[in-house]
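# Overview (structure and organization)
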Amino acid sequence: MSQDVIVVQGPCKLQGEVQVSGAKNSALKLMAAALLGQGRTCLRNVPDISDISIMSKVLKRLGATVEREDHVMWVDTAKVEKFETPYQLVSKMRASISVLGPLIGRFGRARVAMPGGCQIGARKIDMHLVGLEKLGVEFSVDHGYLSATTPHGLRAAEVMLTFPSVGATENMLMAAVTAEGTSVIDNAAREPEIVDLCNMLNEMGCKVSGGGSPCIQVEGVSLDELHPCDHVTVGDRIEAGTFLTGGALTGGPVTVRGIDPSFLRMACMKLEDMGATVETGADWICVRRDGPLKPTDIQTLPHPGFPTDLQAQFMLLDACAQGNSVVTENVFENRFMFAAELMRMGADIAIDGHHATVHGVESLQGAPVSSTDLRAGAALVLAGCFAEGETQVYGVDHIDRGYENYVAKLNQLGGTVTRVSADSLQ
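Rules and cut-offs
Residues numbered from 1 in each chain as written. Predicted model: local features only at pLDDT ≥ 70, side-chain atom pairs only at ≥ 80, totals over all residues. Heavy atoms only, no water. Helix = DSSP H or I, 4+ residues; strand = E, 2+ residues; numbered from the N terminus. Rg over C-alpha atoms; globule rule 2.2 N^0.38 Å. Contact = heavy atoms within 4.5 Å. Buried < 20%, exposed > 50% of the residue type's maximum accessible area, 1.4 Å probe, protein only. Salt bridge = Lys/Arg side-chain N within 4 Å of Asp/Glu carboxyl O. pLDDT = per-residue confidence, 0-100. Phe/Tyr/Trp six-rings, centres within 6.5 Å; stacked < 30°, edge-to-face > 60°.

## Some words on the overall build of the protein chain
- Along its length, the protein chain carries 14 helices and 24 strands.
- Its C-alpha atoms give the protein chain a radius of gyration of 21 Å, near enough to 22 Å, the size a compact globule of 426 residues would have.
- In terms of overall dimensions, the protein chain has C-alpha extents of about 65 × 40 × 40 Å along its principal axes.
- Restricting to contacts in the protein chain with at least 6 residues of sequence separation, those with at least 24 account for 72%.

Here you go:
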């Protein structure tokens, strides 16, 4: 765990261009899907972040060979024979539960430690298990490990998810690809990262249709029909949205490149509601603001609704807007922990259950604050760019999980941001 601190000297105006890395929430699942390829899969545009390093270790413990050169990664799963993931790795990152589906699809069994990750909510895996049970998987829990078997083989099924869970959709997809018959996942997650996974599975020989819609069909194939592939990870819409928020916050213009604007339609609409001007091209988005920030209500919902992973960034915008707004968090129950840290900088926020009433203030003051989760940490650094004086952001390891070269990219945009050891500040 990093003991570093990010120090921001504010205020500073963020402007210019920045290249978005590959999507964290896609690359992690693509790495897991490589287990089905039974050979050397090439993944391109893979971000250099700590979560990717953890997933690499998970795959290596299963017997895979993982190599990378810059943003290209090769995952060779030809010699994978193990189907158990260790607690010491899985407990560090929730996304490692995504190996459950492909292990079941390949071996018909798996033993996976119960997952960990950001402390932003319970994020139970009940829906994963219910969906996989429909496919013929039987589960037992023993000393913190989840054991899965398929005593009668994998069989196709129609499953209605009670909530469009991204993780449950992904695990069902990767198990159903080798189930006999055609499976249907109804009320499936529609995130761009789901579409990216579906595209890669099809490149590997799977027969998946309906990715990006509420209904995904998976026609099962035999394991020997699957093969490695060469796949390019989509751009990270949350990283893009974070930098666009910085542009709206400080005035911009900020242009993010390497992102499909359709991934951020709701966020861009909200930026316009707040007084920003948004321009888009084939793979770029530009945000600038000349007038005052206007308040707007935010309600997080599954895609294509407003993404929960941009809630903290937009709460920051509302905190600096001229007026009052309400932010409603419908996905993760603990994600308002960020508000207390922002209030240390002078924000005026009142929390009532899963609603936050935000009263805009004219300015923020630099202060020592702590990252409560990945996105909150990134938003606190942006707050430091807007605030008067010095802001010290602790808990940098959270930010490292999802942002590649965050400090360098902010400085590229005109920020005054440094990363130092905590000891140097004492």
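Right, picking up where we left off after that structure.
## Describing helix 4 (residues 100-107)
- The buried fraction of helix 4 is high, at seven of eight residues.
- Looking at helix 4, one finds that the buried residues are Leu100, Gly101, Pro102, Leu103, Ile104, Gly105 and Arg106.
- Positive phi shows up at glycine 108, right after helix 4, with a value of about 75 degrees.

## Examining the pattern of salt bridges
- In total, this model carries 15 salt bridges according to the counting rule given.
- One salt bridge in this structure joins glutamate 17 and arginine 257, with 3.0 Å as the shortest N-O distance. Placement of glutamate 17 in strand 2 (residues 16-19) and of arginine 257 in strand 15 (residues 254-257) is noted, with a sequence separation of 240 residues between them.
- Its relative accessible area of 42% is what places glutamate 17 among the partly exposed residues.
- On the accessibility criterion, arginine 257 (29% relative accessible area) is partly exposed.
- As a salt-bridge pair, arginine 237 and glutamate 193 come within 2.9 Å of each other at their nearest N and O atoms. Of this pair, arginine 237 sits in helix 8 (residues 237-250) while glutamate 193 sits in helix 7 (residues 192-203), and the two are 44 residues apart along the sequence. The burial state of arginine 237 is the same as that of glutamate 193; both residues are buried.
- Connected via shared salt-bridge partners are Asp4, Asp400 and Arg419.

## Here's the deal with the side chain of glutamine 392
- Summarising the element assignment, glutamine 392 is placed in strand 23 (residues 389-394).
- By relative accessible area, which is 16% here, glutamine 392 ends up buried.
- Among residues more than four places away in sequence, those in contact with glutamine 392 are Val5, Ile6, Val7, Ala367, Pro368, Val369 and Leu425.

## Details of the confidence of the model for the protein chain
- When the pLDDT values of the protein chain are averaged, the result is 93; 97% of them are 70 or greater.
- In this model residues 116-123 is a low-confidence stretch, pLDDT under 50, and it forms 26 contacts with partners more than four residues away in sequence or in other chains.

## Concerning the packing of aromatic side chains
- Applying the stated criterion across every chain yields a total of four aromatic pairs.
- Between the aromatic rings of phenylalanine 306 and phenylalanine 314, the centroid separation amounts to 4.9 Å while the plane-to-plane angle is 85 degrees, which identifies the pairing as edge-to-face.
- Among the residues examined, phenylalanine 314 registers a relative accessible area of 1% and is labelled buried.
- Measuring from centroid to centroid gives 4.9 Å for tyrosine 403 and tyrosine 406, while their planes differ by 45 degrees, and the two rings are tilted.
- Residue tyrosine 406 is classed as buried on the basis of its relative accessible area of 3%.

## Some remarks on the environment of leucine 264
- Within the secondary structure, leucine 264 is located in the loop between strand 15 and helix 9 (265-273).
- Residue leucine 264 is classed as buried on the basis of its relative accessible area of 2%.
- Apart from the residues within four sequence positions on either side, leucine 264 is in contact with Arg237, Ala240, Gly241, Leu244, Ile259, Ile285 and Leu310.

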